[in-house]
Amino acid sequence: MPTFNDILILLPEFYLVAAACLLLLLDAFMKPEQRPLLHWLSIAVLLVGIYLVVVGQPSQTVTAFNGMFIRDGVSEILKVFALLSTVLVFFYAKPYLQDRKLFVGEFYTLTIFAVIGIMLLVSAGNLIMVYLGLELLTLSSYALVALNRDSRLSSEAAIKYFVLGALASGMLLYGMSMVYGATGTLDLARLHMAATQTGMPHLLVFGLIFMIVGIGFKLGAAPFHMWIPDVYQGSPTAVTIFIGSAPKLAAFGMAYRLLASGLGDLSQHWQIMLACLAVLSLAIGNLVAIVQSNLKRLLAYSTISHMGYLLVGLVNAGPEGYASSLFYAISYAITSAAAFGVILALARAGFECEEIDDLKGLNQRSPWAAFLMMLVMFSLAGVPPLFGFFGKLLVFQAAIHAGFLWLAIVGAVFAIIGLYYYLRVVKVMYFDKPVEGTEVYLQKDVSVRLVLSLNVLALLVLGFVWGPLFGWCQSVFIG
Amino acid sequence: MIDTNMFQLVCFYAFAAVTVVAALGVITLRNSVHAVLSLVLTFFSTACIWLLAEAEFLAIALIVVYVGAVMVLFLFVVMMLDIKQEQVREGFIKYLPVGIIVALIMLGEMLALIGVRAMHQAVMGADPAAAAGMSNTAWLGTALYTQFLLPFEVAALILTVGVVAAVVLTLRQRTGVRHQQASQQVRVNARDRVRVVKMAAEVPAAPQPAPGKETTP
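Here the structure is a predicted model, which means the values were calculated and not measured. (Residues numbered from 1 in each chain as written. Chains lettered and ligands numbered in written order. Predicted model: local features only at pLDDT ≥ 70, side-chain atom pairs only at ≥ 80, totals over all residues.)

Secondary structure assignment for chain B yields twelve helices and zero strands. Start at the N end of chain B and walk to the C end: the helices and strands fall as α-α-α-α-α-α-α-α-α-α-α-α. For chain B, contacts bridging at least 24 residues in sequence account for 53% of all contacts bridging at least 6. (Helix = DSSP H or I, 4+ residues; strand = E, 2+ residues; numbered from the N terminus. Contact = placed C-beta atoms within 7 Å.)

Right, let's get into the overall build of chain A. The number of helices and strands found in chain A is 21 helices and two strands. The C-alpha atoms of chain A give a radius of gyration of 21 Å, which matches the 23 Å a tight globule of 479 residues would have. Here the C-alpha coordinates of chain A stretch approximately 70 × 55 × 40 Å along the principal axes. Taken over 479 residues, chain A has a buried fraction of 58%. (Rg over C-alpha atoms; globule rule 2.2 N^0.38 Å. Buried ≥ 20, exposed ≤ 12 C-beta atoms within 10 Å, placed from the backbone.)

Residues and elements named next belong to chain B. Residues given the UniProt feature "transmembrane region" (unreviewed entry) here are residues 6-29, 36-53, 59-83, 95-116 and 148-171. In this annotation, residues 36-53 is assigned 94% helix and 0% strand; the end-to-end C-alpha distance for the span is 26 Å. Its end C-alpha atoms 35 Å apart, residues 148-171 is made of 92% helix and 0% strand. (UniProt positions renumbered as here; feature names shortened; annotations may be inferred.)

Take unusual backbone geometry next. Residues and elements named next belong to chain A. The linkage connecting Ala-222 with the following residue, Pro-223, adopts the cis geometry, with an omega of 0°. Along the chain, Pro-223 turns up in the loop between helix H9 (201-219) and helix H10 (227-234). Along the chain, Pro-384 connects to Pro-385 via a cis peptide bond; the corresponding omega equals 5°. Tracing the backbone shows Pro-385 in the loop between helix H17 (367-381) and helix H18 (387-401).

A few words now on the packing of helix H2 (residues 11-28) of chain A against helix H5 (residues 105-122) of chain A. Packed helix pairs are characterised by how far apart their axes lie and by the angle those axes make with each other. Residues and elements named next belong to chain A. Running from N to C, H2 and H5 cross one another at 165°; their axes reach a closest spacing of 9 Å. One way to sum up the angle between H2 and H5 is to call them roughly antiparallel. Here H2 and H5 pass one another in a crossing that is left-handed. Facing Pro-12, Glu-13, Leu-16, Val-17, Ala-20, Leu-23, Leu-24 and Asp-27 of H2, the residues of H5 in contact are Gly-105, Tyr-108, Thr-109, Ile-112, Phe-113, Val-115, Ile-116, Met-119 and Leu-120. (Axes fitted to C-alpha atoms, helices over the stretch in contact; angles between N-to-C directions. Parallel < 35°, antiparallel > 145°, perpendicular 65-115°, else oblique. Left-handed = near helix turned anticlockwise from the far one by under 90°.)

Here we take up the confidence of the model for chain B. If pLDDT is low for a region, its predicted coordinates should not be looked at in detail. Put simply, chain B has an average pLDDT of 81, and 84% of its residues get 70 or more. Across the assembled chains, the prediction reports ipTM 0.89 with pTM 0.84. (pLDDT = per-residue confidence, 0-100.)

So, about the UniProt feature "domain: NAD(P)H-quinone oxidoreductase subunit 2 N-terminal" (unreviewed entry) in chain A. Mapped onto the present numbering, the UniProt feature "domain: NAD(P)H-quinone oxidoreductase subunit 2 N-terminal" (unreviewed entry) falls at residues 9-89 of chain A. The straight-line gap between the two end C-alpha atoms of residues 9-89 of chain A is 27 Å; of that span, 70% is helix and 7% is strand.

This part covers the environment of Gly-313 of chain A. For Gly-313 of chain A, the position within the fold is in helix H14 (residues 295-314). For the pair Gly-313 of chain A and Ala-222 of chain A, spaced 91 residues apart in sequence, the C-alpha to C-alpha distance is 16 Å.

Our next topic: the packing of helix H7 (residues 152-183) of chain A against H9 of chain A. Residue and element names in this part refer to chain A. Where H7 contacts H9, the two axes come as close as 7 Å, and the packing angle between them is 155°. Taken together, the axes of H7 and H9 lie roughly antiparallel to each other. H7 and H9 meet at a crossing whose hand is left-handed. Contacts between H7 and H9 involve Leu-164, Ala-168, Met-171, Leu-172, Tyr-174, Gly-175, Met-176, Met-178, Val-179, Gly-181, Ala-182 and Thr-183 from the former and Leu-203, Leu-204, Phe-206, Gly-207, Leu-208, Ile-209, Phe-210, Met-211, Val-213, Gly-214, Phe-217 and Lys-218 from the latter. In the contact of H7 with H9, the residues fall into 18 nonpolar, five polar and one charged. (Nonpolar A, V, L, I, M, F, W, Y, C, P; charged D, E, K, R; others polar.)

Residue and element names in this part refer to chain A. Relative to the helices and strands, Ala-300 resides in helix H14. Considered as a pair, Ala-300 and Ala-289 are eleven residues apart in the sequence and their alpha carbons are 8.2 Å apart. Beyond its immediate stretch of four places on either side in the chain, Ala-300 contacts Ile-228, Pro-229, Tyr-232 and Gln-233.

This brings us to helix H6 (residues 127-145) of chain A. With 19 residues, H6 of chain A ought to run about 27 Å at 1.5 Å a step, and its terminal C-alpha atoms sit 27 Å apart, in line with that. Of all 19 residues in H6 of chain A, 19 are buried; the element is thus mostly enclosed. (Expected span 1.5 Å × (residues − 1).)

So, about the nonpolar core. Counting 200 residues, the largest nonpolar core has Ile-118, Leu-249, Val-315, Val-342 and Val-376 of chain A as its most contacted members. Top contributing element to this core by residue count: helix H15 (residues 319-346) of chain A, with 19 residues. Setting aside residues up to four positions removed in sequence, Val-342 of chain A forms contacts with Ala-369, Leu-372, Met-373, Val-376 and Leu-452 of chain A. Of all hydrophobic cores here, the second largest spans five residues; its members include Leu-39, Phe-43, Ala-47 and Ala-59 of chain B. (Core = buried A, V, L, I, M, F, W, Y, C linked by C-beta atoms within 7 Å.)

Residue and element names in this part refer to chain A. If you trace the backbone, Gly-67 turns up in the loop between strand S1 (62-64) and strand S2 (69-71). For Gly-67, a count of 17 C-beta atoms within 10 Å corresponds to the partly exposed category. Those residues in contact with Gly-67, other than ones at most four positions away along the chain, are Gly-125, Asn-126, Asp-187 and Ala-189.

What follows is the structure, given as structure tokens:
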């Protein structure tokens, strides 16, 4: 029977559910002009959520509800950064939504529900919870993508996302059912024990393949990346920034729970599969990004390549690899939030700032915005001493230690190829002449400017002081 | 005195007969509304048979979900569609062989399933619900509200998100739409609507000579 102690372990999640429902009610009785209050309340709700996660951190792994929910170091760190990146999303999204008449309370409540999904997913101790957490996250995301319902592009993106997402969920469930058939349990801890003793190893590997397909879809790793470019481009930028940041942490958490906690003993099988996904993602992501002219689409292909790097770390299949992958996921979530944050800050009513050409001569018009964008691009490209560089370094190191030297070399080669299109954006901003008759300026909103500057400068600072964060990532996988 | 087993058998045959007749009705009745109603009867009789087999939860779910919700929806759809009877019946003979083949395959499958279950009674094990002295609804409910409480609640959360998403994607706030305000309509007094004006009774004026006559000298 569930006890009060179980509820205490789930306190951050319960708190967020209650807060989301209250915000929903508040929004229904609020006048449209009072809505900025809802914006600040939502940010406060998430900050209190971070506080509850950090304060209630248990000294060792605890489980609740018959092992359905695991609260350990991995889930704590993922939750903190998922909540933090969502706070950034809320800050950047407000002026954009207001300009486009999309400033509705449901944006906030649906995003908070998606974050709850992320939190449940990364804490899942049971295959059912993995699936339900994932559905909560993706169902909210589908609705968010379709938020701008009068836009054709947006609806198309939502339909594509929905259909492919449903297909991926089906694959994942099919894989789970096979694994259940082979082991007779849904509990991840028991699955770990049963996986070695099963009499049907082929059925187990068959299930594993389908589960990896599901994970590949959710990460957006090639060849399961088809939805990423259309969804990134089609959805309102305020939603793209959310989809591009926090859910990547969730996807890492899901891969870790399913592969490491659940089927860790099959690592010799899934290491090769993940290595294939990684190489394909690096190739497709980096090569196709070169020909993109749309900034959001370019960042979408960049996401695919970054998920490739994340998989390079996971291939290690040991604490070092998980730590480096987790570090990579965190660095990507923060950097991606900053990248879309700059686009959001440059957009205004009637101007999306989506094309790379829109950035022409940005340095002459808004030197600060150009500087921020340059730092973000360098971090994404992995130029030292920025944050992104150390993420790449650590995943390559992990791959080499696991005997995948060739994978590290492939990764390094594609990192250099990738440098080209990131530098192209910098070149356009600094060396091209601004287009006559157009205007590009940074958002007037003080909070957006302040948070964006802090966010980007954090990339620089964390580039120098990445040790403590990586130490935290390492500590959660030991023991 | 009625033997319990005998009574059960009689009930089973009665329900089974109704099920078969109603199922035949679904595919032979000319009026599609009647066919849908016949399908409802089929479901209901099947639920009764399941109850006899001590699968209460399935029976209840069949009635609540299929009869209560899905079939009513079907009925609405069928009533709203303007289906031409002749067109629907045109292909009856043409598709009959295919229909018979499908039906035979399904029959074979069901027989195989029953055979497998009967042969593998030992492998499948005894019904855990019966062993614990509970009905299977109670058994499912216990599992759902203890071991699977958290997933159950998260599923509820997912449904909430579904509702929120449906509202945000379909609700349109149109301006300039005239609404009835029921509360104001109820609160209105006769005094607000009808004004009784007191005035002197109109006295018809004295007949005057026609103007035409006055102007002519």
